[in-house]
Amino acid sequence: MQIRELKVPDAYEITPVVHGDSRGAFLEWYRADKLEEATGRHLDLRQANASVSAAGSIRGIHFADVPPSQAKWVFCPRGALLDVVVDIRVGSPTFGQWDSVLLDDVDRRAVFVTEGLGHAFVALEEGTTINYLCSATFSPGREHGINPLDPAIGIEWPTVGRDGSPFEPLLSAKDTAAPSLAQAEADGLLPQYDEVQAFLQSLRG
Ligand SMILES: Cc1cn([C@H]2C[C@H](O)[C@@H](COP(=O)(O)OP(=O)(O)O[C@H]3O[C@@H](C)C(=O)[C@@H](O)[C@H]3O)O2)c(=O)[nH]c1=O
């Protein structure tokens, strides 16, 4: 398993060793010890989620108040998706920047999104399934969204699926109505970079 930090600091791409044989494949999609080696922190598993999406579905950009926010170890057991991490931490040197990783049932990568970052993805195939391990339980009043189509962030969402078929973006009503990054900042919804860093540091203790 290899762990690489993304262009958005404190987010990571995880590339597993996939052992293929005549029966199919075997891989380790999460290793606590490798996470600790690479990042100096642990993931206190509190919840595991799954969702299934139609091709073109965009979910996010979602984030939760810090502390404790919610770190997510994201994996795609079926289909394909583009996973996106956005730096929404006010005062971060990379504020407003985003990076993405293709997660699919071929290379079987994962992404680790740490507390205070924004997370979103688009499904590139019908029935794409995502699983994620979470460091905190769902706390609806502390969860927020930013519009994933905000031009100021400028996420380059794919417009064709894995098979090359074009698709229309499909968003929930909640995500469609979500504020822009600038509006979320003006509304005081975004996490402060120094507070996030202090929280991340407390997890390394
Ligand atoms: C996130 C969540 C939702 N729900 C419920 C609320 C709602 O009725 C239904 C669907 O919720 P949403 O529309 O928010 O689901 P979704 O848009 O898939 O939300 C997810 O998006 C990705 C990008 C993330 O990073 C996740 O943390 C999560 O926010 O599921 C739970 O019961 N538990 C949960 O942990």
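Numbers given for residues are sequential positions, taken from 1 along each chain in its written order. The predicted origin of the model limits local features to residues at a pLDDT of at least 70 and limits the giving and counting of side-chain atom pairs to 80 or more, whereas totals for whole chains, interfaces and linings rest on all residues. No hydrogens and no water enter the side-chain calculation; it runs on all heavy atoms of the structure.

**Q** Explain the overall build of the protein here, please?
**A** Secondary structure elements are defined from DSSP: runs of H or I of at least 4 residues count as helices, runs of E of at least 2 residues count as strands, and each element is numbered from the N terminus. For the protein, the helix and strand inventory stands at four helices and 13 strands. Between the two quantities, the radius of gyration covers C-alpha atoms and the globule rule is 2.2 Å times the number of residues to the power 0.38. For 205 residues, the compact-globule estimate of 2.2 N^0.38 gives 17 Å, and the C-alpha radius of gyration of the protein, at 16 Å, lies within 12% of that figure. With the C-alpha coordinates aligned to their principal axes, the bounding extent of the protein is approximately 55 × 45 × 30 Å. Relative accessibility thresholds used throughout: buried, under 20% of the residue-type maximum; exposed, over 50%; partly exposed, between the two (1.4 Å probe, protein chains only). Considering the protein as a whole, with its 205 residues, one finds that 48% of them fall into the buried category. The contact rule is simple, with two residues in contact once any of their heavy atoms fall within 4.5 Å. Sequence separation of at least 24 residues holds for 81% of the intrachain contacts in the protein that already meet a minimum separation of 6. Calculation of accessible area relied on Shrake-Rupley with a 1.4 Å probe; when residues are assessed, cover is drawn exclusively from the protein chains displayed. Summed over all atoms, the accessible surface of the protein reaches about 9700 Å², with 51% contributed by carbon and sulfur. Between the centroid of the 17 positive side chains of the protein and the centroid of its 29 negative side chains there is a distance of 5 Å. By the counting scheme adopted, Arg and Lys are positive, Glu and Asp are negative, and His together with the chain ends is not counted. A single reference atom marks each charge: NZ on Lys, CZ on Arg, CG on Asp, CD on Glu.

**Q** I would appreciate a short explanation of the UniProt feature "active site" (unreviewed entry) in the protein in the present structure.
**A** When the UniProt feature table is mapped onto this chain, "active site" (unreviewed entry) is found at His62 and Tyr132. Across 71 residues, the annotated set stays spatially compact, with a maximum C-alpha separation of 13.7 Å. For the largest pocket, the lining residues drawn from the annotated set are His62 and Tyr132. By the element assignment, His62 lies in strand S6 (residues 58–64). Setting aside chain neighbours within four positions, we find His62 in contact with Lys72, Leu117, Gly118, His119, His144, Gly145, Lys174 and Asp175. As for its placement among the helices and strands, Tyr132 is situated in strand S12 (residues 128–134). Residue classification places Tyr132 among the buried positions, given a relative accessible area of 17%. UniProt positions are given in the numbering used here, feature names are shortened, and annotations may be inferred rather than shown by experiment. Lining residues are those with an atom within 4 Å of a point, where the points come from a 1 Å grid over the protein atoms alone and group into cavities, where a 1.4 Å probe fits but cannot get out, or pockets, open sets with protein on both sides within 12 Å along at least five of seven lines.

**Q** How do you make sense of the nonpolar core when you look at a structure like this?
**A** It is characteristic of soluble globular proteins that their nonpolar side chains tend to be buried jointly. Residue types Ala, Val, Leu, Ile, Met, Phe, Trp, Tyr and Cys, when buried and joined through side-chain atoms within 4.5 Å, form a set referred to as a nonpolar core. Val84, Val86, Ile146, Ile153, Ile155 and Leu190 are the most contacted members of the largest nonpolar core, which has 21 residues in total. Top element by residues in this core is strand S8 (residues 80–86). It accounts for four residues. Listed in part, the 16 residues of the second largest apolar core include Ala11, Val74, Val101 and Leu117.

**Q** I would appreciate a short explanation of the packing of aromatic side chains in the present structure.
**A** Two measures describe an aromatic ring pair: the distance that separates the ring centres and the angle between the ring planes. Between the rings of Phe, Tyr and Trp (Trp by its six-membered ring), a pair exists once the centres lie within 6.5 Å; its type follows the angle of the planes, with under 30 degrees stacked, over 60 edge-to-face, and the other angles tilted. Counted by the stated rule, this structure contains four aromatic pairs. With 6.3 Å between their ring centres and 25° between their planes, Tyr12 and Phe112 make a pair best called stacked. Taken together, the residues Tyr12 in strand S2 (residues 11–15) and Phe112 in strand S10 (residues 110–113) connect sequence positions 100 residues apart. For Tyr12, a relative accessible area of 10% translates into the label buried.

**Q** In this structure, what is going on with the site of the ligand? I would like to understand it.
**A** What makes a residue near a molecule or strand is one non-hydrogen atom of that residue sitting within 4 Å of it. For the ligand, the full set of nearby residues is Gln47, Asn49, Arg59, His62, Gln70, Lys72, His119, Tyr132, Phe138, Glu143 and Lys174. One of the side-chain N or O atoms of Arg59 is found 2.8 Å from an oxygen atom in the ligand. Under the rule applied, a polar contact is a pair of N or O atoms within 3.5 Å (in protein, one hydrogen donor and one hydrogen acceptor; residues adjacent in sequence only if both atoms are side-chain atoms). The side chain of His119 places a nitrogen or oxygen atom 2.7 Å from an oxygen atom of the ligand. Taken by itself the ligand offers 660 Å² of open surface, and the protein chains cover 66% of this. Assignment to a cavity or pocket requires that more than half of a molecule's atoms be within 2 Å of the site's grid points. Structurally, the ligand is housed in the largest pocket. The nonpolar class holds Ala, Val, Leu, Ile, Met, Phe, Trp, Tyr, Cys and Pro. Asp, Glu, Lys and Arg form the charged class, and all remaining residues, Gly among them, are polar. The residue inventory of the shell around the ligand, partitioned by class, reads two nonpolar, five polar and four charged.

**Q** Looking at this structure, I do not really get the pairing of S6. What am I missing?
**A** On a regular strand, one side chain projects to one face of the sheet and the next to the other, so that they alternate. Across the seven residues that make up S6, a large majority, five, are buried. Note: two strands are recorded as paired if DSSP finds a minimum of 2 bridges between them. Where S6 and strand S11 (residues 118–123) come together, three bridges link them in antiparallel fashion. Its bridge partner lying in S11, Ile58 is registered against Val122. Alignment of S6 against strand S13 (residues 143–145), held across three bridges, turns out to be antiparallel. Bridging from a neighbouring strand, Phe63 pairs with His144 of S13.

**Q** I would appreciate a short explanation of the layout of surface pockets in the present structure.
**A** Over the atoms a probe the size of a water molecule is rolled, and this reveals where empty space is left. Approximately 540 Å³ is the volume attributed to the largest pocket. Around the largest pocket sit 26 residues that line it, and Gly60, His62, Tyr132, Glu143 and Lys174 are the ones nearest its centre. Listed by contribution, the elements that provide at least two residues to the lining of the largest pocket are strand S5 (47–53), S6, S11, S13 and helix H2 (173–176). Each residue belonging to the lining of the largest pocket can be placed in one class, and the counts come to 10 nonpolar, 11 polar and five charged. Grid points are joined across faces, edges and corners, and a volume is the space filled by probe spheres set on the points.

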